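# Inside the fold
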Amino acid sequence: MDIINLLSEQISNQIAAGEVIQRPGSVVKELLENAIDAGAKSIKVHIKDAGRTSILVQDNGIGMSPKDAALCFTRHATSKLKNVDDLFHLQTKGFRGEALASIASIAHVTLKTKHKNQEDTGTLIEMNGGTPMRNEECICEQGTSIEVKNIFFNVPARRTFLKSDNAEFTHIRNEFERICLAHAETSFTLTNNGNEVYNLKAGNPRKRITDVMGKKSNESLVPIEEKTDIVEISGFVGKPESAKKSRGMQYFFVNNRFFKHSYFHHAVSKAFEQLIPDKSHPAYFIFFTIDTTKIDVNIHPTKTEINFEEGKFIYTILLSSIKQALGKYNIAPSLDFDVETSFDVPISHKNELPIEPEIKVDPSYNPFSKFETKKTTGTGTNKALHKQGFGQKSDSKEWENFYAIREESKEGQTKLIEVEDDYITNKYLVKNRYLLSNVKSGILIIDTHRAQQRILYTEMMSTFVTKPLSAQKLMFPIDLELNQDEIDAWIESKSLLSQLGFHFKNDSGGIKIESLPSCISEKNHNICIDNITNSLSGPERPNRGELAHTLVSKLVYVASQNFQVKSDYEIESFVNQLFSCEEHSFCPFGKPIMQTLTIEELTTKF
Ligand code: ADP
Ligand code: MG
């Protein structure tokens, strides 16, 4: 009749593990936090197979006595909490006494530890799925080393749930970075399958940020500093121009613990409002120091969500301190919010016209040619015009119809304006960019930069699917300063990038660019590469098609900026090329390529 069983400690530990330990990255986080709590000044992490095979964390902290070592794998065994009151005065990262019990219940764990007061030998303990297997003396250094092998060996459902090695290692690295950023005073190393990923020397927060994020980030860090009775805020925000499309570098820490907070995030975004384009994300590394009784870290097992008693005040303080910092460092850029400015670069461009694509359009459709428009070609195969609903029938005036004004006749019928046979068609290039032409319906204005983007884009997109785009070998290969996430992103898209003309090596752990697409001049490679990196990295990786579109768009944007048509002949051929593109009304960024100033509009001006 009785059906209720008490779960064994082992099973309840496994259940608890489900909350605390979701993946190898969670083990890394818990072990690192314990090492920090133990006062370690040097912490080494060695990962094998993204943590599937082994996670080893070695610290030089206070260590554990033989008795504590045996106890630490028991659930609710903690040295950090003695009574309820302590809960509200916590300075340590751990306090639940759950992590080691959870980890031990789902893996093979070997602990070696020696307390600082122990003279000679330390303690070695082995646990298999929560069962103690060995407990003996051993020779070891002061401090603790814990190796966690075969994670989830006894929870197959979880093991199969793990993602690719790349994805799991990214989680590990993210956890590692969060702890490193919060503890600049501690030195850290991280290796993956024997390869060094990080070797971070102890230093100050600014140095730590640049060591983790890449040296280039140093120039763009703006310090923030605010001391109030409620909270102390310190740290850095990235200058507006360093804002990225991906939300990578955003970190809040409270009392040196990483946390996420959408409300405070909103405050930061608000401070950057008007300073960065839509959908860009500022970098921030913000440290709050606050009385521990005024926060609740207990609301989530992994403790990344935190309740602040005085959240509203902190919001205001945060907002004003960032605004002040940005003001103080004189950051009031007059940014144009045009989409294109997000990769507004000094221009690289080979001055000659691109290799002429096969022109499918009939030349008589050229609105800039006064003679040819008079010819009847009868082919009517211009896809571009078809697409616009013109030229279904063979008609020499297709392009003209396209721009013709429809006027209501007296009888209320619509008819096309007839054109004088000898109308004048002159063309002007204004500011080396806008091509003006006298067409029958008024003045047609083509933005030649956008048109060139469309032409190059169409050409590149159709070429690169079958063969690599032409690349220029660099005399001096470029070593990129990237964080690990970005390096991975480059590697992940290697085949696509080399198809586009970016050839690189990644043998020393970083990215060394050996050649660039021919359309990009070497002096502009930096900005181009930054743009590419932004597109590649980020939490949501676009699919190959989107990525190709984005990368090609960025390349053609850079390549089109100094573009200039020179001779009449060039103009002719240029316009023909434009109209041979299936899509010729909008540039790859969705902006209009041409506008017509109609006769009506003109007459209203006089
Ligand atoms: P918590 O950190 O919440 O106390 P854990 O299960 O993570 O719980 O750890 C249990 C206890 O084991 C800790 O309270 C601490 O006393 C001891 N411990 C764990 N890791 C270390 C370490 N690296 N160095 C010294 N002591 C440790
Ligand atoms: Mg802990």
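Structural data are supplied above this passage.
Residues numbered from 1 in each chain as written. Chains lettered and ligands numbered in written order. Predicted model: local features only at pLDDT ≥ 70, side-chain atom pairs only at ≥ 80, totals over all residues. Heavy atoms only, no water.

Within the sequence span of helix α13 (residues 484-492), burial applies to Gln484, Glu486, Ile487, Asp488, Ala489 and Trp490. Regarding α13, its N-cap is Asn483, as a side-chain oxygen of that residue lies 3.0 Å from the backbone nitrogen of Asp485 further along. (Buried < 20%, exposed > 50% of the residue type's maximum accessible area, 1.4 Å probe, protein only. Helix = DSSP H or I, 4+ residues; strand = E, 2+ residues; numbered from the N terminus. Polar contact = N/O pair within 3.5 Å; in protein donor to acceptor, adjacent residues only side chain to side chain.)

The subject of this paragraph is the pairing of strand β19 (residues 434-439). Burial along β19 is one-sided: the residues Leu435, Ser437 and Val439 are buried and none of Tyr434, Leu436 and Asn438 is. The pairing of strand β18 (residues 427-430) with β19 spans four bridges and is classified as antiparallel. Bridging from a neighbouring strand, Lys427 pairs with Ser437 of β19. Following β18, the chain reverses through three residues before pairing antiparallel with β19; Lys431 in that reversal takes a positive phi of roughly 55°. (Pairing = 2+ DSSP bridges.)

Between helix α2 (residues 24-37) and helix α6 (residues 165-182), the shortest axis-to-axis distance is 8 Å and the interhelical angle comes to 20°. Judged by the angle between their axes, α2 and α6 are roughly parallel. The crossing of α2 and α6 is right-handed. Every residue of α6 that contacts α2 at Pro24, Gly25, Val28, Lys29, Leu32, Glu33 and Ile36 is listed here: Glu168, His171, Ile172, Glu175, Phe176 and Ile179. Looking at the contact of α2 with α6 residue by residue, the classes come out as seven nonpolar, two polar and four charged. (Axes fitted to C-alpha atoms, helices over the stretch in contact; angles between N-to-C directions. Parallel < 35°, antiparallel > 145°, perpendicular 65-115°, else oblique. Left-handed = near helix turned anticlockwise from the far one by under 90°. Contact = heavy atoms within 4.5 Å. Nonpolar A, V, L, I, M, F, W, Y, C, P; charged D, E, K, R; others polar.)

Once that is clear, we can look at the packing of aromatic side chains. The relative placement of two aromatic rings is captured by the distance of their centres and the angle of their planes. What the rule picks out here adds up to 23 aromatic pairs. Plain terms: the ring middles of Tyr251 and Phe285 are 5.6 Å apart, the flat faces sit at 10° to each other, and that makes the pair stacked. Linking Tyr251 in strand β11 (residues 250-254) with Phe285 in strand β13 (residues 284-289), this pair joins segments that are 34 residues apart in sequence. Exposure remark for Phe285: the relative accessible area of 1% places this residue in the buried category. Their ring planes at 85° and their centres at 6.0 Å tell us that Tyr557 and Phe589 sit as a pair that is edge-to-face. Residue Tyr557 is found in helix α16 (residues 544-560), and its partner Phe589 is found in the loop between α17 (568-580) and β24 (594-598); the two are separated by 32 residues along the sequence. Taken as a pair, Tyr557 and Phe589 share a single burial class, namely buried. (Phe/Tyr/Trp six-rings, centres within 6.5 Å; stacked < 30°, edge-to-face > 60°.)

It is worth spelling out the sheet that holds β18 at this point. On the basis of which strands lie adjacent, the open sheet formed by four strands has the order β18-β19-β20-β24 and antiparallel pairing. The open sheet has two edge strands with one neighbour each: β18 and β24. For this sheet the average axis-to-axis angle between neighbouring strands, irrespective of direction, equals 20°. Inspection of the sheet shows strand β20 (residues 442-447) paired to β24 by five bridges, in the antiparallel sense. Of the residues in β24, the one forming a bridge with Ile445 is Gln595.

Strand order in the open sheet formed by three strands is β21-β23-β22, with antiparallel pairing between adjacent strands. In this open sheet, the two strands that pair with only one neighbour each are β21 (471-480) and β22 (503-505). When strand polarity is set aside, the average angle formed by the axes of neighbouring strands in this sheet is 20°. Note that β22 and strand β23 (residues 511-517) share three bridges and pair antiparallel. Bridging from a neighbouring strand, Lys505 pairs with Lys512 of β23.

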